[in-house]
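Structural features, examined
Single-letter residue listing:
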Amino acid sequence: MHQQQLPFALDFPSEFQREYVAFVQQVRNVQALMTEVERFVLEHNKPELARFLQRYLPIPQLYLEQVQSQLGETDISALGGVERAAAQQALLALNSSTIVGELEQFSIDLRNWAEQAFEDEDAAHHHLDEAIQLRWQIIAHSIFYTIILGIIISLYTSRAIATPIQNLTHVARRVTQESNFELQAEVKTQDEVGVLAVSLNQLIQRVNALLKEQKAEQATRLLENEKMSSLGQMLAGVAHEINNPVNFIYGNLIHADEYIRDLLEILELYQEKVPDPPSEIRDRTEELEIEFLIEDLPNLVNSMQVGADRVRQIVLSLKNFSRLDDTEPHPVNVQECIESTLLILNNRIKKGIQIACQYGNTPPIPGYTGLLYQVFMNIISNAIDALLELPESRDKQIKITTECQQPEWLVIRIADNGMGISPENQAKIYDAFFTTKPRGVGTGLGLAISYQIIVEKHNGKLTCDSQVDEGTEFTIFLPLHPTAENVSPATPANYSTC
Ligand SMILES: Nc1ncnc2c1ncn2[C@@H]1O[C@H](COP(=O)(O)OP(=O)(O)O)[C@@H](O)[C@H]1O
Ligand SMILES: [Mg+2]
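Keep in mind that what you see is a predicted model, and the values were worked out from it rather than measured.

What about the pairing of strand 4 (residues 396-405)?
The sheet contact formed by strand 2 (residues 353-359) and strand 4 spans 7 bridges and is parallel. Within the sheet, the bridge partner assigned to Ile 355 lies in strand 4 and is Ile 398.

Below is the structure:
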């Protein structure tokens with residue numbers, strides 16, 4: 001405050017004016033500051049500061065008013081020496097007034113406050129430094145403990161997940177290495193690993209069941225093959241045994257025919273040259289009905305020849321059917337195969353079943369005779385079975401056709417007008433053991449074996465076209481020419497084209 005300088009500035013009016021203006025401005029500044037502090041106090045609830053303000057807030061204004069009242073309205077520059085001295089006295093007297101005392105006290109208190117505030121600020125800075133340090137310490141510790149906790153959790157989690165998965169892998173490896181499908185993984189939890197273990201167990205069980213099924217199927221197939229092969233051997237043996245005596249009979253029948261013709265010729269000559277034989281011969285001739293005998297004997301020999309020929313053919317068919325030497329493919333006459341099969345099945349064909357064969361160009365194809373016999377036997381037997389299911393009155397027909405489809409196939413169609421196969425069964429007919437026939441009648445292997453023989457052994461195709469109540473047609477496609485699959489390079493290539 002410049003109030004102490006004011007009395008002395010009175011001697012220099014222009015300086016006084018400047019000092020006075022500065023003084024008033026200072027008072028205003030102090031008031032403005034105090035109002036600001038008052039707002040701060042109101043906002044931040046500082047009771048001590050509030051009391052301080054309450055006490056000193058009016059002081060600057062009061063002081064200013066008192067200075068102004070001492071100076072009055074007077075123009076300082078116009079004052080004479082005496083008036084100026086009186087004004088000086090009045091201003092100096094003001095210095096010892098209570099208001100100036102208050103003002104000075106205000107100044108002292110303010111300084112104290114300021115010192116206190118600086119101390120507080122220092123302390124605050126100190127606390128702030130400590131707080132910052134503490135914050136960094138907390139951050140560093142947090143990072144450290146988070147890392148440690150992370151490591152512990154990841155170790156625990158990886159163990160918790162990895163151990164059961166390792167167990168599963170171990171079981172899976174053992175199952176595949178040892179082919180032990182009785183093994184099962186331990187299911188300890190209900191989580192994803194537990195579900196995986198259950199699925200693995202189900203998979204192992206499924207494979208086990210399938211393997212057992214396959215083994216049983218293989219065993220039955222083996223048994224069936226064994227049966228077929230011993231049946232084939234027996235058939236071949238019987239055919240061979242019959243073949244010799246039949247050839248013997250057939251061969252001798254030609255001579256017997258010759259001898260009989262010679263004897264009949266001589267008899268005729270006798271009758272001609274000796275027209276009146278003795279009564280004893282005449283009686284005996286009548287008794288033996290020689291005329292009938294002469295007439296019937298050639299027929300008799302002829303029918304014996306036909307019969308023997310048929311037996312020879314049957315024996316040949318049986319021999320072909322049970323051919324055991326089919327290790328290499330060779331030219332097969334399919335028409336002969338079909339004819340021989342029909343001959344063997346002759347006794348089944350009788351009951352009102354008509355067979356119509358239409359052979360187109362049927363050149364020999366590379367294949368296995370015995371196996372193709374089996375195929376024709378299976379398919380024609382099935383057709384006969386289907387027709388025997390029909391009522392007596394129904395017309396029953398089996399139609400067999402062959403044709404050459406250049407450049408690749410010999411096509412054989414075997415059709416019947418039986419009850420047909422339902423669409424859902426059509427999908428299963430080539431499955432091993434699928435049969436709709438009573439136990440002991442059907443084995444369900446005929447078509448499965450036929451499919452294998454045609455597709456795998458001959459590299460051909462086997463298709464079925466069937467309509468319920470209308471009939472069934474099986475079509476066999478056999479390659480006309482040797483292929484890598486159905487013939488060995490050593491096989492002579494004597495196959496003609498269509
Ligand atoms: N021509 C056909 N007509 C009707 N059904 C047939 C015919 N051929 C085959 N099937 C059906 O296919 C099944 C399987 O035939 P197959 O494998 O030869 O076994 P199986 O004759 O021992 O039953 C037969 O049980 C029958 O239901
Ligand atoms: Mg069958």
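Still more to cover.
Some points on the packing of aromatic side chains
Inspection of the entire model under this criterion finds 10 aromatic pairs. Ring geometry for Phe 23 and Tyr 63: centres 5.6 Å apart, planes at 85°, overall edge-to-face. Highlighted residues: Phe 23 in helix 2 (residues 13-44) and Tyr 63 in helix 4 (residues 59-71), separated in sequence by 40 residues. For the residue pair Phe 23 and Tyr 63, the accessibility class agrees, reading buried in each case. These aromatic residues form a ring-pair network of at least three members: Phe 16, Tyr 20, Phe 23 and Tyr 63. In this structure, Lys 457 packs its charged tip against the face of Tyr 368, placed 4.7 Å from the ring centre. In this structure, Lys 461 is placed above the aromatic ring of Phe 477, and the distance from its NZ or CZ to the ring centre is 4.8 Å.

Quick look at the environment of Ile 412
Mapped onto the elements of the fold, Ile 412 is located in strand 5 (residues 409-416). Judged by its relative accessible area of 0%, Ile 412 is buried. Along the backbone, Ile 412 and Glu 280 are 132 residues apart, and their C-alpha atoms lie at a distance of 67 Å.

Re the domain arrangement of the chain
Parsing the chain into structural domains produces domain 1 (6-131), domain 2 (221-323) and domain 3 (325-498). Computed over C-alpha atoms only, the centres of domain 2 and domain 3 are separated by 35 Å. In this complex, domain 2 contributes 11 residues to the contact, which on the side of domain 3 involves 17 residues. A buried area of about 1300 Å², summed over both sides, lies between domain 2 and domain 3, and 61% of it is on carbon and sulfur atoms. Along the contact surface separating domain 2 from domain 3 lie 0 salt bridges. Taken together, domain 2 and domain 3 are joined by 0 residue pairs in polar contact (both at pLDDT 80 or more).

Structural notes on the sheet that holds strand 5
In spatial order, the strands read 2-4-5-7-6; together these 5 strands make up an open sheet with mixed pairing. The sheet is open, and its two borders are formed by strand 2 and strand 6 (461-467), each paired with just one other strand. Averaged over all pairs of adjacent strands, the angle between strand axes in this sheet comes to 10°, irrespective of strand direction. With respect to the sheet, helix 10 (residues 334-344) is in contact with strand 2, strand 4, strand 5 and strand 7 (471-479), its orientation differing from that of strand 2 by roughly 170°.

Rules used throughout
- Residue numbers here run from 1 along each chain, matching the order of that chain's written sequence.
- Throughout, the order in which chains and ligands are written sets their labels, letters from A for the former and numbers from 1 for the latter.
- Only residues with pLDDT of at least 70 get local features here, since the model is predicted, and only at 80 or more are side-chain atom pairs given and counted; chain-wide, interface and lining totals rely on the full set of residues.
- Note: side-chain values were computed over all heavy atoms of the structure, leaving out hydrogens and water.
- Paired strands, in this sense, are two strands between which DSSP finds at least two bridges.
- Only DSSP runs of H or I covering at least 4 residues are called helices, and only runs of E covering at least 2 are called strands; the numbering of each starts at the N terminus.
- By convention, a stacked pair of Phe, Tyr or Trp rings (six-membered ring in the case of Trp) has centres within 6.5 Å and planes under 30 degrees apart, an edge-to-face pair has planes over 60 apart, and any other such pair is tilted.
- Each residue gets one of three labels from its accessible area relative to the maximum for its type: buried under 20%, exposed over 50%, partly exposed in between, using a 1.4 Å probe on protein chains only.
- Only when the NZ atom of a Lys or the CZ atom of an Arg is both within 6 Å of the ring centre and within 35 degrees of the ring normal do we say a charge sits over the ring.
- Throughout, the edges of the domains are those of an automatic or database domain assignment.
- By the convention used here, residues are in contact when the closest approach between their heavy atoms is within 4.5 Å.
- The buried area of a pairing is the accessible area, by a 1.4 Å probe, that goes missing from both parts when the two are put together, added over both.
- The term salt bridge refers to a pairing of a side-chain nitrogen on Lys or Arg with a carboxyl oxygen on Asp or Glu at a separation within 4 Å.
- Here a polar contact means two N or O atoms within 3.5 Å. Within protein one must be a hydrogen donor candidate and the other an acceptor candidate, and residues neighboring in sequence count only if both atoms are side-chain atoms.
- Axis angles are defined between N-to-C directions and span 0 to 180 degrees, where every axis is a line fitted to C-alpha atoms and, for a helix, only to the segment in contact.

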